[in-house]
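Commentary on secondary and tertiary structure
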Amino acid sequence: MPSQTAWHAYDGWFGRPKAALLRGACACRWRGAAECSLDWTVLDDQTPLYEADVDLAGPITDFKAHLTVVRDAAVPLPEPVTTLLTALTQNLETAAVTDLLVTLKALADLRYLIAGVGADAASAVQAGRIPMETVATALCASETATRRYANSHRHP
């Protein structure tokens with residue numbers, strides 16, 4: 001049976017089914033234990049679920065704990081790279097406001113750089129020099145998502 005993990009797919013709007021409960025979930029296929037029951041006799045059918053007065057503290061706490069575990073398992077970027085990426089983000093955000101053409105040119109140059117470096121890294125992963133499980137953990141992703149990601153750099 002087809003399903004979605006996005007909570008709004010089960011809010012009853014536009015003929016969609018209504019969820020009986022909510023819980024934290026992640027793209028890596030992790031699912032939280034804390035459940036938030038939804039009482040549709042109390043919830044307003046005319047209000048989207050994201051606007052409803054629902055206590056999501058349990059699922060949110062589970063998800064934050066999961067993110068901590070994921071971040072701890074991920075490969076840390078060297079401080080100079082983090083600094084460079086932070087500065088790049090700030091500069092691009094500023095340029096997007098002051099000179100959109102500069103932003104677009106910088107993004108085109110980055111895309112070219114990523115294509116070259118990404119293809120080399122993806123080739124190494126797909127050749128098996130690093131186990132896919134190790135790469136998935138380092139990227140905070142599932143093995144399936146990691147394979148797709150590596151393939152996207154091999155065949156842009």
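These remarks concern the structure in this document. Since this is a predicted model, take the numbers as computed values, not measurements.

Observations concerning the overall build of the protein chain
A tally of regular secondary structure across the protein chain gives five helices and two strands. Residues counted as buried form 20% of the 156 residues belonging to the protein chain. For the protein chain, long-range pairs separated by at least 24 residues make up 42% of all intrachain contacts whose partners lie at least 6 apart in sequence. Accessible surface for the protein chain amounts to roughly 11,400 Å². Of this, 61% is attributable to carbon and sulfur atoms. When the 13 basic and 17 acidic side-chain charges of the protein chain are each reduced to a single mean position, those positions are 11 Å apart.

Observations concerning the side chain of H66
Along the chain, H66 turns up in helix α1 (residues 57-73). Ignoring any residue separated from it by four or fewer positions in sequence, one finds H66 in contact with C26, C28 and W30.

Some details on α1
Over its 17 residues, α1 runs 24 Å from end to end, which matches the ideal 24 Å to within 8%, given 1.5 Å per residue. Within α1, the full set of buried residues consists of P59, H66 and V70. Looking straight down α1, one finds that the buried residues subtend no more than 40° of arc, so they occupy a single side. Residues of α1 that are exposed and point over 90 degrees away from its buried face: K64, R71 and D72. In the core, the buried residues of α1 are packed alongside β1 (21-22) and β2 (36-37).

Focus: the packing of helix α3 (residues 100-126) against helix α5 (residues 143-154)
The interhelical angle for the contact between α3 and α5, taken along N-to-C directions, is 130°, at an axis separation of 7 Å. Relative to α5, the element α3 is oriented oblique. Considering only the axes of α3 and α5, their crossing is left-handed. Where α3 approaches α5, its residues I114, A115, G118, A119, A122, S123 and Q126 are matched on the opposing element by R147, A150, N151, H153 and R154. Residue composition of the contact of α3 with α5, grouped by class: five nonpolar, five polar and two charged.

With respect to the packing of helix α2 (residues 79-98) against α3
Working note: a packed helix pair is described by the angle between its axes plus the distance between those axes. It is at 6 Å that the axes of α2 and α3 come closest, and there the two elements cross at 140°. Classed by the angle they form, the pair α2 and α3 counts as oblique. Each of L88, L92, A95, A96 and T98 in α2 lies in contact with α3, whose residues at this interface are L100, V102, T103, A106, L107 and L110. Looking at the contact of α2 with α3 residue by residue, the class counts come to nine nonpolar, two polar and no charged.

What about the environment of L92?
Turning to its location among the elements, L92 is positioned in helix α2. Using a relative accessible area of 17% as the deciding quantity, one classes L92 as buried. Those residues within four positions of L92 in sequence are excluded, and the remaining contacts are T103, A106, L107 and L110.

Let's talk about the pattern of salt bridges
Pairs may arise between side chains of opposite charge once their charged atoms sit close together. For the structure on display, the rule yields two salt bridges. We note a salt bridge from D109 to K105, for which the minimum N-O separation is 2.6 Å. Here K105 and D109 lie together in helix α3, a separation of four residues that amounts to about one turn.

Remarks on a positive patch on the surface
Residues R23, R29, R31 and R148 make up a contiguous surface patch of positive charge. Structurally, the position occupied by R29 is in the loop between β1 and β2. The exposure class assigned to R29 is exposed, which follows from its relative accessible area of 59%.

Parameters and conventions
- Residues numbered from 1 in each chain as written.
- Predicted model: local features only at pLDDT ≥ 70, side-chain atom pairs only at ≥ 80, totals over all residues.
- Heavy atoms only, no water.
- Helix = DSSP H or I, 4+ residues; strand = E, 2+ residues; numbered from the N terminus.
- Buried < 20%, exposed > 50% of the residue type's maximum accessible area, 1.4 Å probe, protein only.
- Contact = heavy atoms within 4.5 Å.
- Areas by Shrake-Rupley, 256 points an atom, 1.4 Å probe, with all protein chains shown as cover.
- Lys, Arg positive; Asp, Glu negative; His and termini not counted.
- Charge placed at Lys NZ, Arg CZ, Asp CG, Glu CD.
- Expected span 1.5 Å × (residues − 1).
- Arc of directions from axis to C-beta.
- Axes fitted to C-alpha atoms, helices over the stretch in contact; angles between N-to-C directions.
- Parallel < 35°, antiparallel > 145°, perpendicular 65-115°, else oblique.
- Left-handed = near helix turned anticlockwise from the far one by under 90°.
- Nonpolar A, V, L, I, M, F, W, Y, C, P; charged D, E, K, R; others polar.
- Salt bridge = Lys/Arg side-chain N within 4 Å of Asp/Glu carboxyl O.
- Patch = residues over 30% accessible without salt bridge, like charges linked within 9 Å, V, L, I, M, F, W, Y side chains within 5 Å.

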